[in-house]
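Examining the three-dimensional arrangement
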Amino acid sequence: MQRLGRFAFSWRRPGALHREVIARVALDFAVRKEFDYVVPEEWADRVEVGRRVKVPFGHREVLGSVVALVTTSPHTNLRPISKVLGRQAAMSESVIGLARWMAEYYCCPFEVALKSVLPEAVRREEPGWRERLQVRVLPVSGPVPELTARQREILSVVEEWRELPLSELLRLAETTAETVRRLEDKGLVQIRSEVSERDPYGAEEILPTQELALNAGQEGALKEVAEAIGKVPAGGGGETAAGGVAAPVFLLHGVTGSGKTEVYLQAIGRALERGLGAIVLVPEIALTPQTVERFKARFHHGPQRTLVAVLHSHLSAGERHDEWHKIRDGRARIAIGARSAVFAPVEPLGLIVVDEEHEPSYKQEEAPRYHARDVAVMRGRREGAVVVLGSATPSMESYYNARRGKYRLLELPVRADEARMPVVRVVDMRTESRKAKGPPVFSHALHEAILQRLERREQVMLFLNRRGYSTSLQCPKCGYVAGCPNCSVALTYHRQRQRLCCHVCGHEEEAPKACPEAACRNPAIRYAGLGTERLEDALAGAFPQARIGRMDSDTLKRKEDYRRVLTAFRVGKIDILVGTQMIAKGLHFPNVTLVGIVHADLGLHLPDFRAGERTFQLLTQVAGRAGRGDVEGEVFVQAFTPYHPAIQFARQHDYVGFYEQEIEFREQLRYPPVARAALLTLRGRNEEKVRWCAEQVGRVVSEGLSDLGDLIVAGPAPAPLLKAETFYRYQVMLRTRTMARLTALWPSCRERFELPDDIRLTLDVDPVDLM
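Residues numbered from 1 in each chain as written. Predicted model: local features only at pLDDT ≥ 70, side-chain atom pairs only at ≥ 80, totals over all residues. Heavy atoms only, no water.

Moving on to the overall build of the protein chain. Along its length, the protein chain carries 22 helices and 33 strands. Against the compact-globule benchmark of 28 Å for 771 residues, the protein chain has a radius of gyration of 30 Å, which places it among compact chains. Its C-alpha atoms put the protein chain at 95 × 80 × 65 Å along the principal axes. Burial statistics for the protein chain: of 771 residues in total, 54% are counted as buried. Partitioning the intrachain contacts of the protein chain with sequence separation of at least 6 by distance along the chain shows that 75% fall at a separation of at least 24. Between the averaged position of the 108 positive side-chain charges in the protein chain and that of its 99 negative side-chain charges there is a distance of 2 Å. (Helix = DSSP H or I, 4+ residues; strand = E, 2+ residues; numbered from the N terminus. Rg over C-alpha atoms; globule rule 2.2 N^0.38 Å. Buried < 20%, exposed > 50% of the residue type's maximum accessible area, 1.4 Å probe, protein only. Contact = heavy atoms within 4.5 Å. Lys, Arg positive; Asp, Glu negative; His and termini not counted. Charge placed at Lys NZ, Arg CZ, Asp CG, Glu CD.)

And the structure:
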């Protein structure tokens, strides 16, 4: 090979000159730099943008992704790629471009953003396919070999199935592998190793469904979405790829039970008719078997099976590997999953649905700290795909964008099938406490309502957003409170395990029999507060005839537990279901006619400007589980601050009224969505050192970002949860209307200060959790 100027050449055959190709590779670890490698001639026809490769790096070999192919490089003596992985490119150029945008906007290394695009099971060097032995019958030419009676029995099983896994044959025929091998030696069967895909829902029998008749509101919403899908080029592509106008973003605001899912399903059907694929995002807590079944029942049947692939954290690594490859190979046209499914390799992409778009679980808490809803909007813009954001209680940000014309607003103001919204009754627990000489678990009205439902054989759901038995252990004599040694929170008592647990860091210790203080040792310690475990116990005492189930992270340890409890509730084996946020969304049980919300104002008084918004959303969503059948639903909201606007507007199912009042407060204080926010958090184990560093960072940031004329710097101040997982935390909040300019200026600003090695700084753009 010889080099002429900046171009590299090598000889393929005498007289055939070709220009050398150089691959620009992003490694799988953050070095904030991409590296150039020569593409050897043996790999020339396999290396492409998005392909996974193995390359030399120093004295070792590492994995990375090809992000560009070039013919020139500023570097000399380039080393060659060692190995090309996989059967095809793992990422499209569009998704790589999306990762670059994430790196810039969320201020993280490009390698970190790119790594989040691919599941860990797909990034590995060795293929993650599972192989197993298959047995199939072979045609026999000539006389049949002599067989024993046992061999004839085994052969008849194989002939009946034509082909089946060896392990299944051994079970059905109650035989051994050695016996089956003898049939292979006689040329009657073939045993061969084949790839066997893992399907997390393969054992389920799901009956197909047809499109439902739509009401006027649903028809209007579907018409607009379908028209937009009709303008998406059949081969995909949009603003970035084709230079055309980006497809619109719709905000589908529909009351609970208004049939938003049916609109999603029929819109997906329109996309499939045009040869386009779809991505459906749902919050992790709403990714119930019921949700997945609705999509599989509609699109998983018929001669042209349009496979639905599922991607979420409860899958095993092998299941996630196989589901992802179904999408990448084009065998699955619909990807449904939680946050990271926004990167699913659906091509060409025609529609992205973000259900319950207001959910905070769409925000990633580790780098890259992306919001899946916003990434979905950006991906739709880049690939020309239509985006539908759906919610009964949209986030303030999305509704603000719709009001300003950035998104198209679609309204579903009534429930499907003309079902009535549930009647919501707010109970003042201050009055109840005075009557009972202490705060009762159930108000008198809720107690009577539960009795009525049990008599009528209707079902009840009780919601309490706090797990465990009691929220703290206290000594009434000396005032001792059992606290976490790692976090500034009280430990929660779990009676079933007799343990005190921290719900922040996971610390556990044995529950004491007496006050641990050496000078006290009072045996009359008491457990204060209420959790789902205690609520379940109180229900058993008050309603001994009822069958009670509980759903929280303490009772659902295995991935099949969720399905087991919900199935029991659906078929009527559970009368009263108690739960945390797991039961708040995505569930449709027509026989539930009563919902009780215990301690509805738990989250109202947190030091977070979104506390009212989250309380309103949660109450509205939980209330929406009632009355989804023929019988009108009833909701009891127990609160100690019953006249708070979030509770009163939720009682009236009045989202617009709540929005109008809340946006006025946000405008006065320049909080999102009126402005954009970024949160700087400093962590360290020495509180004074963290505080001092936070003060210096706040001062430098104010100076370094002074070009942002509308910048507001709040803090530094201790985080609402000062100590978490042994680290003290201080925060500086930045607010501006031009977040893109702030993130562009941040790298140069960050270079202006150097922190001690034991102090860590993180920047969270558009934070949703200020705790």
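Moving on, we come to the side chain of Thr620. Position of Thr620 relative to the elements: it lies in helix α18 (residues 611-623). Taking the relative accessible area as the measure of exposure, Thr620 reaches 10% and is therefore buried. Among the polar contacts made by the side chain of Thr620, one reaches the main-chain carbonyl oxygen of Phe616 at a distance of 2.8 Å. Apart from the residues lying within four places of it in its own chain, the contact partners of Thr620 are Thr256, Thr393 and Ala650. (Polar contact = N/O pair within 3.5 Å; in protein donor to acceptor, adjacent residues only side chain to side chain.)

A surface patch of like charges, here positive, comprises Arg381, Arg404, Lys406 and Arg737. Along the chain, Lys406 falls in the loop between α13 (396-403) and β18 (408-412). Residue classification places Lys406 among the exposed residues on the basis of a relative accessible area of 53%. (Patch = residues over 30% accessible without salt bridge, like charges linked within 9 Å, V, L, I, M, F, W, Y side chains within 5 Å. Areas by Shrake-Rupley, 256 points an atom, 1.4 Å probe, with all protein chains shown as cover. Salt bridge = Lys/Arg side-chain N within 4 Å of Asp/Glu carboxyl O.)

Applying the stated criterion to the full structure yields 0 disulfides. Free of any disulfide, Cys107 has its nearest cysteine sulfur in Cys108, 8.0 Å distant. Note on Cys475: no disulfide assigned, nearest cysteine sulfur contributed by Cys520 at a separation of 3.7 Å. By relative accessible area, Cys475 is classed as buried at 3%. (Disulfide = S-S within 2.5 Å.)

Spanning 13 residues, α18 covers 18 Å between terminal C-alpha atoms, matching the ideal 18 Å at 1.5 Å per step. Buried within α18 are the following residues: Ala611, Gly612, Glu613, Thr615, Phe616, Gln617, Leu618, Leu619, Thr620, Gln621, Val622 and Ala623. (Expected span 1.5 Å × (residues − 1).)

Attention now moves to the sheet that holds strand β13 (residues 277-281). What the 7 strands build is an open sheet, ordered β14-β15-β13-β16-β17-β12-β18; its pairing is parallel. In the strand order of this sheet, the two ends are held by β14 (307-311) and β18, each with one partner. Recorded for the sheet is a direction-independent mean angle of 20° between the axes of neighbouring strands. Two elements, strand β12 (residues 249-254) and β18, share 5 bridges in a ladder whose sense is parallel. (Pairing = 2+ DSSP bridges. Axes fitted to C-alpha atoms, helices over the stretch in contact; angles between N-to-C directions.)

It is worth spelling out the environment of Val189 at this point. Of note, Val189 is situated in strand β11 (residues 189-195). We classify Val189 as buried; its relative accessible area is 1%. When the C-alpha positions of Val189 and Arg162 are compared, they lie 9.7 Å apart, and in sequence the two are 27 residues distant. The contacts of Val189, once residues within four sequence positions are left out, are Val135, Arg136, Val137, Leu138, Leu155, Val158, Val180, Leu183 and Glu184.

This part covers the sheet that holds strand β26 (residues 548-551). Across the sheet, 6 strands lie side by side as β19-β29-β28-β20-β27-β26; this open sheet has parallel pairing. One side of each edge strand has no neighbouring strand; the edge strands of this open sheet are β19 (423-428) and β26. Neighbouring strand axes in the sheet, compared pairwise and without regard to direction, differ in orientation by 15° on average. Here helix α15 (residues 444-455) sits on the sheet in contact with β20 (459-463), β27 (576-579), β28 (592-597) and β29 (634-639), set at roughly 155° to β28. Helix-sheet contacts for α18 involve β20, β28 and β29, and the interaxial angle to β28 is about 155°.

Here we take up the packing of aromatic side chains. Counting across every chain of the model gives 19 aromatic pairs. An angle of 70° between the planes, with centres 5.3 Å apart, marks the rings of Phe343 and Tyr370 as edge-to-face. Separated by 27 residues along the polypeptide, Phe343 in the loop between β15 (332-337) and β16 (349-355) and Tyr370 in the loop between β16 and α12 (372-383) bring together distant segments of the chain. The exposure class assigned to Phe343 is buried, which follows from its relative accessible area of 3%. Take Tyr370: its relative accessible area is 2%, and that puts it in the buried class. Grouping aromatic residues by their ring pairs yields a cluster made of Tyr399, Phe616, Phe649, Tyr655, Phe658 and Tyr659. Residue placement shows Arg100 over the ring face of Phe110; its charged tip is 4.1 Å from the ring centre. One Lys or Arg, Arg735, reaches over the ring of Tyr671 and ends 4.4 Å from the middle of that ring. (Phe/Tyr/Trp six-rings, centres within 6.5 Å; stacked < 30°, edge-to-face > 60°. Lys NZ or Arg CZ within 6 Å of the ring centre and 35° of its normal.)

With that settled, the discussion passes to the pairing of strand β32 (residues 727-736). Burial within β32 is extensive, with 8 of its 10 residues counted as buried. As defined by bridge partners, strand β30 (residues 676-684) adjoins β32 across 9 bridges and the pair is classed as antiparallel. By the bridge assignment for β32, Leu680 is matched with Val732. Where strand β31 (residues 712-724) lies against β32, 7 bridges are found, and the strand directions are antiparallel. Following the sheet pairing, Ala714 is matched in β32 by Met733.

Summarising the element assignment, Arg298 is placed in helix α10 (residues 289-299). Given the relative accessible area of 15%, Arg298 is considered buried.

Per-residue pLDDT for the protein chain averages 86, and the proportion of residues at 70 or more is 92%. Of the regions scoring below 50 in pLDDT, residues 1-18 engages in 30 contacts with residues more than four places distant in sequence or in other chains. Note that pLDDT drops below 50 for residues 239-243; the model gives that stretch 9 contacts with residues more than four away or on any other chain. (pLDDT = per-residue confidence, 0-100.)

Moving on, we come to the packing of helix α4 (residues 149-161) against helix α6 (residues 177-185). As a packed pair, α4 and α6 sit with axes 10 Å apart at the nearest point and diverge in direction by 85°. The angle between the axes of α4 and α6 places the two elements in the roughly perpendicular class. Each of Gln151, Ile154 and Leu155 in α4 lies in contact with α6, whose residues at this interface are Thr179, Val180, Arg182 and Leu183. Its residues placed into classes, the contact of α4 with α6 shows 4 nonpolar, 2 polar and 1 charged. (Parallel < 35°, antiparallel > 145°, perpendicular 65-115°, else oblique. Nonpolar A, V, L, I, M, F, W, Y, C, P; charged D, E, K, R; others polar.)

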